[in-house]
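Summary of the model geometry
Okay, here's what each chain looks like letter by letter:
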Amino acid sequence: MLAEKGKNPEPKNMEKSKIPHTFIILFGIIVLLAITTYFIPAGEYDRETTEDGRTIVINGTYHETDASPAGFLDIFTAVFDGMVQSADIIFLLFIVGGSFGILTSTGAIEGLFNRLITKLKGNEIYLIPILITFFAICGATFGMAEESIPYLIILLPFLLKLGFDRIIAVAAPMIGTAIGYAGGVTNPFNVGVAQGIAELPLFSGMFVRIVLLAILIIITNIYVMRYARKILKSPERSLVYRERPFISEDENPTFSHQLTKSNGVILIIFLLTILIIPFGIINYGWYMKEIASLFLIMGVIVGIIAKMKYNQIAESFAKGCNDMVVAALAVGLAHGAVVILENANAIDTIVYSLSGLIEGLPSTVAVAGIYGVQNVINYIVSSGSGQAALTMPLIAPLADLVEVNRQTAVLAFQIGDGISNALTPTNGQLMASLAIAGLSWIKWARFLIPLLIILYIVGLIYLLCIHLFIWV
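Thresholds, definitions, all that
Residues numbered from 1 in each chain as written. Predicted model: local features only at pLDDT ≥ 70, side-chain atom pairs only at ≥ 80, totals over all residues. Heavy atoms only, no water. Patch = residues over 30% accessible without salt bridge, like charges linked within 9 Å, V, L, I, M, F, W, Y side chains within 5 Å. Areas by Shrake-Rupley, 256 points an atom, 1.4 Å probe, with all protein chains shown as cover. Salt bridge = Lys/Arg side-chain N within 4 Å of Asp/Glu carboxyl O. Helix = DSSP H or I, 4+ residues; strand = E, 2+ residues; numbered from the N terminus. UniProt positions renumbered as here; feature names shortened; annotations may be inferred. Axes fitted to C-alpha atoms, helices over the stretch in contact; angles between N-to-C directions. Parallel < 35°, antiparallel > 145°, perpendicular 65-115°, else oblique. Contact = heavy atoms within 4.5 Å. Buried < 20%, exposed > 50% of the residue type's maximum accessible area, 1.4 Å probe, protein only. Core = buried A, V, L, I, M, F, W, Y, C linked by side-chain atoms within 4.5 Å.

**Quick word on a nonpolar patch on the surface**
On the surface, Ile 268, Leu 271, Leu 272, Leu 275 and Ile 276 cluster together into a nonpolar patch covering about 460 Å² of accessible area. Summarising the element assignment, Ile 268 is placed in helix α11 (residues 261-284).

**Quick look at the UniProt feature "transmembrane region" (unreviewed entry) in the chain**
The feature "transmembrane region" (unreviewed entry), as annotated in UniProt, sits at residues 21-40, 89-113, 125-142, 171-190, 202-224, 265-285, 291-310 and 447-470 in this numbering. Note that residues 202-224 is 83% helix and 0% strand, and that its end C-alpha atoms are spaced 33 Å apart. For residues 265-285, the helix share is 95%, the strand share is 0%, and the end-to-end C-alpha distance is 28 Å.

**Some thoughts on the packing of helix α18 (residues 406-421) against helix α20 (residues 441-469)**
Viewed as axis vectors pointing N to C, α18 and α20 meet at an angle of 175 degrees, and their least axial separation amounts to 10 Å. The angle between α18 and α20 places the two elements in the roughly antiparallel class. Contacts between α18 and α20 pair Thr 408, Leu 411, Ala 412, Ile 415, Ile 419 and Ser 420 from the former with Leu 452, Leu 455, Tyr 456, Gly 459, Tyr 462, Leu 463, Ile 466 and His 467 from the latter.

**A look at the side chain of Ser 355**
Relative to the helices and strands, Ser 355 is located in helix α15 (residues 347-356). Judged by its relative accessible area of 10%, Ser 355 is buried.

**Observations regarding the nonpolar core**
Core analysis: the largest hydrophobic core is formed by 160 residues, its most contacted members being Trp 444 and Phe 447. Looking at this core, the element that brings in the most residues is helix α10 (residues 206-233), giving 12 residues. Here Phe 447 is in contact with Ile 167, Ala 171, Ile 175, Tyr 223, Val 224, Tyr 227 and Leu 239, once residues within four sequence places are set aside.

**A few points about unusual backbone geometry**
Of note in the backbone geometry, Glu 199 takes a positive phi value of approximately 60 degrees without being a glycine. Mapped onto the secondary structure, Glu 199 falls in the loop between α9 (188-197) and α10. You can call Glu 199 exposed: its relative accessible area is 67%. With phi around 60 degrees, Glu 403 is a residue other than glycine that occupies positive phi space. Summarising the element assignment, Glu 403 is placed in the loop between α17 (384-401) and α18. Using a relative accessible area of 65% as the deciding quantity, one classes Glu 403 as exposed.

**Regarding the pattern of salt bridges**
Evaluated as defined, the whole model comprises four salt bridges. The salt bridge partner of Asp 323 is Lys 319, with a shortest N-O separation of 3.9 Å. Placement of the pair is Asp 323 and Lys 319 together in helix α13 (residues 310-323), with a separation of four residues, close to one helical turn. One salt bridge in this structure joins Arg 406 and Asp 400, with 2.6 Å as the shortest N-O distance. For Arg 406, a relative accessible area of 19% puts it in the buried group.

Structure representation (structure tokens):
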């Protein structure tokens with residue numbers, strides 16, 4: 001039927017209907033990995049627990065074990081196990097989403113957006129380097145990852161109103177934190193763990209990492225700003241022009257609330273919450289539980305300041321949780337893919353096979369080999385600290401044998417760990433962010449892969465230069 005005269009036709013979603021849902025992609029990966037367990041020999045390394053409670057593998061102890069390929073039921077139990085093992089992230093999403101539901105109901109965020117939209121008119125493009133640099137620094141210093149998700153919830157409607165698309169909204173925190181990990185300076189989760197295992201001074205080689213971080217930030221900003229300018233000028237050139245976000249039926253949100261005095265107080269409470277989080281992480285070792293609790297406290301306080309009734313606070317919290325359902329379940333499914341390989345004792349076999357390819361290579365080629373191995377492994381083990389605990393006990397002594405500085409080996413690990421985070425579908429942070437924005441992984445990959453190729457090449461060139469001229 002033709003659209004009524006004077007009314008805009010509904011956006012066509014035919015293209016969207018052909019794109020697999022996030023759940024379909026993740027479940028397909030689980031099935032594919034289950035099939036591979038019939039072809040990958042089962043094996044494992046012996047492990048030991050260090051004085052600080054970290055479990056690491058013992059080099060030279062790899063041995064084959066009885067085969068345990070994934071059965072039909074295992075494919076489905078992996079989903080449940082993935083949900084259980086990633087419960088901390090899932091409940092963080094629910095609690096943060098509920099707290100933001102309360103915050104959004106007060107109208108304070110809309111009032112702030114109204115003010116900022118007026119101030120930024122004509123200069124919207126300069127938000128991109130500010131946001132990406134901010135998230136990159138957070139990733140490089142205190143290891144922000146899943147903690148960026150609350151920022152996305154706030155940024156999404158704001159950036160849409162400014163004329164950007166959902167790809168830009170996801171790119172700022174996701175790529176920002178990814179390159180922050182790749183150029184990690186004092187990141188305790190990848191650099192800290194890896195250097196500790198490699199018996200290097202904690203956070204040594206800082207200048208080399210700062211230079212790398214700056215290079216990655218510049219390249220990323222140029223790439224994302226180029227895309228942003230294109231869609232600001234011609235919105236129809238957006239890769240997701242005819243697709244609606246899942247979290248709202250309105251593709252062009254309008255902000256009717258004004259910035260009142262009470263809203264100003266609420267925003268101060270919100271700002272303090274955001275500032276306290278990195279302080280707590282750095283100084284007190286806060287993680288998911290403490291961050292979720294802090295947001296819950298914020299939600300209750302802003303609800304009281306806004307003079308909301310108790311039922312209104314509860315209903316707003318429930319609505320915010322509801323908006324997080326797809327994101328939370330996506331995290332569990334993503335982890336379920338890893339569970340399949342873990343239960344089949346296939347991950348250690350993969351690591352053993354890849355590390356064996358590096359032995360006997362000339363040092364310059366070995367650097368590239370270590371870099372390639374770490375990149376591949378990160379698509380299987382997306383956790384930075386988990387990958388360090390798995391690979392560095394093997395890579396560090398291997399680096400000695402092929403005359404590669406251990407600092408270079410750690411740098412190769414962190415570059416591979418960081419860059420891959422922005423694409424791997426086993427990364428809970430990525431899949432949760434895409435689900436919140438209603439963005440398919442396929443469209444995201446289409447936008448990201450050219451940048452990823454550039455970053456991989458730049459990372460390799462930088463690594464080889466460091467190997468040849470700095471850490472000789």
